[in-house]
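Commentary on secondary and tertiary structure
Listed below are the residues making up each chain.
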Amino acid sequence: MALEEKSVRRAIKHLVTLGDTDIFPIPFEFSFYRECENDIVQRLTTLQAGSHTPTSAFECLSPKGNLSFRIAHQLFPVDTLLYTAAVIQIAPLLEALKLPSENGPFAYRFIDDDDEPRLFARSSNFHDWLLHLKGVFLPEDAFSDAKYVLETDISDFYARIYFHRLEHVLDDCEAPNQVRKIIEKIIKETRARQSHGLPVGTSASRILAEALLVDTDQMLEMRSVAYSRYVDDFRIVVDHQGEVHSILCNLAEHLMLTEGLSLNANKTRTYTSNEAVDFIDAKLTDVFSDEELQRLNLYIAAVYDDEDISVEDVDDVDPENLISKLRDALDPKKVDYTAIKVILKVLRAVEIENPIGFIDQFIELVYHTPRDFCLLVGGLAQRHADLRDQIANKLVSTIQTAPFKDMSLSRIWVGHLFVTQALPITEASRVALNLTRTEIEQRQDLLLRGLLNERPFFRAQKTKFDAASEWAKPALMLGAACLSTSEYTTWLETIKAHHSDPTSDIFRKWLKENQADVWNALKYDYIIKTRAEKIAELFGEVEPGSILDTVLGPSVNPSGNPENPFG
């Protein structure tokens, strides 16, 4: 069985609306997927897995903590689409293998709804898990004896998943042959034919990784009083202190012999259930009180268009108080990046009185949380058109200094603000950005050259198309749209045999038909309307889209904001 139409359509809906990862900027190809959905669906549902050769994934460091990192992956756009569609097709089968969330696996519970861009249940984030754990740990009555909790996690979980175990998971759910071939081939090729590791950052990988621990979940549920898991983070409850070591031995042996995985000794500890509740309370209130966090979550849900929450039913938030909380969360002695990301998300939907002062004060976040900070900066630039040049100069100068210049993800996100035209690009700033060190940056540089109308450059590249990487080719094709119509159309015809993407002919046709407007496909709406703006719009006091129209024009992003507010 090949890919089903509904799986490909939902994959496109998911990627266009929420992006491919919670780490990297959204590839510009997703605009093309949205506009040519029917043609792409027809092409991919007839594609034979053996006829497609995936492109190697892009890899770079992503900050994980104050002094720690992880390797993150961005798949080539069409590989992301195929991988996501294939996993969506078998996701209901994988979900059926899992225990209920109250009995173990809490995170990333798949939603089987073809009309829903989001693949996972809303109430399954880390904060929700901590609240759930309190119910797991609290005694049944005031006179019950305290129990004991084992806390541990898997070391380098995604990077150490063995491929043969993934094959067993696909066997367990009886994945159709063509579907499993797509999944296996993309993982093998994009991981440079290593015998282990899933691409980090994609929803499809999360679904597969969760299914891989089904046997572990069942073993722990049978051998413990209570048990819960958030991705690779375990909390196991037993009756007596002596049982802690028994369950730890059982888990370590099972993971090592069955899954080829190991526990992280530095994150393994034990305590009583009463102490566990105290730890959770401290974690939940480290930056925010329960009431404050509940209000923020409601505000986020309302301004990011959760249909279940009305803006009229939530309270406004105080930007100055949030900025103060952001300073607290950045305290070197207790940095809380989860809280920082929540604050930045809310700040996108409030009025910041002094944008330049804010950016200056928190510029270090370009390094620590580049995605979340740059999304906020993009919105500030679009709200305050008179400050765009200042913001651009600040970011360009910042990215030239240590440690920012050595963090690829920081450079990529700053470059993305220029590619999406939230910030104005000049030849001087393009040169200063020096977007040459990684494949993603090289793509950005090609797009910026196109925006700057550098026709001589693209004429010189016309005979060098074969020498370009697979990642560079689509950007080169789009950037060259600055050429005259006849020259551009003729060149696109000459390269048609030199681009191996299965959607390449559809892409070329789209470029020809949209040459004059193709730069709008790069634009991105970073603005999240405040509660006050949404209420005014609701009652007809503000014309929909008027805020952004004054900055970038009415053609920008007619399909809505493709940002995952809760990701």
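One can find the structure itself at the top, above this paragraph.
The rules behind the values
- Along each chain, numbering runs from 1 in the same order as the chain's sequence is written.
- Per-residue local features of the predicted model are confined to residues with pLDDT of at least 70, and side-chain atom pairs are confined, for both listing and counting, to 80 or more; whole-chain, interface and lining totals are unaffected and use all residues.
- Water and hydrogen atoms were dropped before computing side-chain values, which therefore reflect all heavy atoms in the structure.
- Buriedness for pockets is judged along seven lines, at least five of which must meet protein on both sides within 12 Å for an open set on the 1 Å grid over protein atoms alone, while cavities are sets there where a 1.4 Å probe fits but cannot get out, and lining residues have an atom within 4 Å of a point.
- Grid points are joined across faces, edges and corners, and a volume is the space filled by probe spheres set on the points.
- The way it works is that DSSP assigns letters per residue, a run of H or I at least four long becomes a helix, a run of E at least two long becomes a strand, and they are numbered from the N terminus.
- The nonpolar class holds Ala, Val, Leu, Ile, Met, Phe, Trp, Tyr, Cys and Pro. Asp, Glu, Lys and Arg form the charged class, and all remaining residues, Gly among them, are polar.
- Whether two strands pair depends on DSSP finding at least two bridges between them.
- Angles run from 0 to 180 degrees between N-to-C directions of axes, and those axes are lines fitted to C-alpha atoms, restricted for helices to the stretch in contact.
- Each residue gets one of three labels from its accessible area relative to the maximum for its type: buried under 20%, exposed over 50%, partly exposed in between, using a 1.4 Å probe on protein chains only.
- Nonpolar cores were defined as sets of buried Ala, Val, Leu, Ile, Met, Phe, Trp, Tyr and Cys residues, with membership established by side-chain atoms within 4.5 Å.
- Contacts are assigned to residue pairs that have any heavy atoms within 4.5 Å of one another.
- Here Asp and Glu are counted as negative and Lys and Arg as positive; His is not counted, and neither are the chain ends.
- By definition here, a salt bridge exists when the distance from a side-chain nitrogen of Lys or Arg to a carboxyl oxygen of Asp or Glu is within 4 Å.
- Identification of polar contacts relies on pairs of N or O atoms within 3.5 Å, with a donor-acceptor requirement for protein atoms, meaning one able to donate a hydrogen and the other able to accept it, and with residues adjacent in sequence counted only if both atoms are side-chain atoms.
- The criterion for an aromatic pair is that two Phe, Tyr or Trp rings (for Trp, the six-membered ring) have centres within 6.5 Å, with stacked assigned to planes under 30 degrees apart, edge-to-face to planes over 60 apart and tilted to the rest.
- The criterion for a charge sitting over a ring is simple: Lys NZ or Arg CZ within 6 Å of the ring centre, and within 35 degrees of the ring normal.

1. A few points about empty space enclosed by the protein
According to the stated counting rule, one finds 8 cavities of 30 Å³ or more in the structure shown. For the second largest cavity, the calculated volume is near 70 Å³. Together, E29, F32, Y33, F76, P77, V78, P474, H499, D501, T503 and F507 line the second largest cavity. Secondary structure elements with two or more residues in the lining of the second largest cavity: helix 2 (29–35) and helix 4 (77–97). Examining the composition of the lining of the second largest cavity, we find that 3 residues originate from one element, helix 2, more than from any other. Counted by class, the lining of the second largest cavity contains 7 nonpolar, 2 polar and 2 charged residues.

2. A look at the sheet that holds strand 6 (residues 269–272)
Taken together, 4 strands build an open sheet; the order of strands is 4-5-3-6 and the sheet is antiparallel. At either end of the open sheet lies a strand with only one pairing partner, and these are strand 4 (226–230) and strand 6. Neighbour to neighbour, the strand axes of the sheet diverge by 15° on average, direction disregarded. Here strand 3 (residues 148–153) runs beside strand 6; their pairing, made up of 4 bridges, is antiparallel. Directly across from Y148, in strand 6, lies its bridge partner T272.

3. A short note on the pairing of strand 5 (residues 233–238)
Working note: regular strand, side chains alternate between the two faces of the sheet. Within strand 5, 6 of the 6 residues are buried, which leaves it mostly tucked inside the rest of the structure. Every second residue of strand 5 is oriented toward a common face, with D233, R235 and V237 on one face and F234, I236 and V238 on the other, all of them buried. Relative to strand 5, strand 3 runs antiparallel, the two sharing 6 bridges. Along strand 5, the bridge assignment pairs T152 with F234. Strand direction decides the pairing type here: strand 4 and strand 5, joined by 5 bridges, are antiparallel. What sits directly across from Y230, in strand 5, is D233. Counting the residues that bridge the hairpin from strand 4 to strand 5 gives 2 residues, and of these V231 lies at a positive phi of roughly 60°.

4. A few points about the nonpolar core
Within the largest apolar cluster, 179 residues are counted, with the highest numbers of intra-cluster contacts made by Y83, F157, I183, L347, F358 and F373. Per element, the largest residue contribution to this core is 11 residues, and it comes from helix 4. With near-sequence residues (within four places) excluded, F358 lies in contact with I323, L326, L344, L347, I352, F373, L376 and L380.

5. Brief notes about the side chain of D501
By the secondary structure assignment, D501 is in the loop between helix 25 (485–494) and helix 26 (504–513). Of the side chains with opposite charge, R43 lies nearest to the buried D501, which makes no salt bridge, at 7.4 Å. Only 2.7 Å separates the side chain of D501 from the side chain of T503, close enough to count as a polar contact. Apart from the residues lying within four places of it in its own chain, the contact partners of D501 are F76 and V78.

6. A look at the packing of aromatic side chains
Where two aromatic rings form a pair, the distance of their centres and the angle of their planes describe that pair. Taken as a whole and assessed by the stated rule, the structure comprises 20 aromatic pairs. With 6.0 Å between their ring centres and 25° between their planes, F507 and W510 make a pair best called stacked. Residue F507 and its partner W510 are located together in helix 26, separated by 3 residues, close to a single helical turn. The same class applies to F507 and to W510, which are both buried. Clustering of aromatic rings is evident, with ring pairs tying together F30, F32, Y33, F507 and W510. Stacked on the ring of F279, the Lys or Arg R269 has its end atom at 4.7 Å from the ring centre. Here R449 stacks its cationic end above the ring of F457, 4.0 Å away from the centre of that ring.

7. Considerations on unusual backbone geometry
Cis peptide bonds are those with omega within 30 degrees of zero, and the linkage from A402 to P403 qualifies with 0°. Of note, P403 is situated in the loop between helix 19 (388–398) and helix 20 (408–419).

8. Comments concerning helix 15 (residues 337–347)
Burial analysis of helix 15 places 9 of its 11 residues in the buried class, the great majority of the element. Along helix 15, the residues classified as buried are Y337, A339, I340, V342, I343, L344, K345, V346 and L347. Its side-chain oxygen placed 3.2 Å from the backbone nitrogen of T338, D336 serves as the N-cap of helix 15.

9. With respect to the pattern of salt bridges
The full count for this structure, using the stated rule, is 36 salt bridges. A salt bridge links E441 to R411; the shortest N-O distance between them is 2.8 Å. With E441 in helix 22 (residues 439–451) and R411 in helix 20, this residue pair connects regions lying 30 residues apart in the sequence. As far as the burial class goes, E441 and R411 line up, both buried. Each member of the salt-bridge network shares a partner with another, and the members are E95, K98, R109, E210, D217 and R229.

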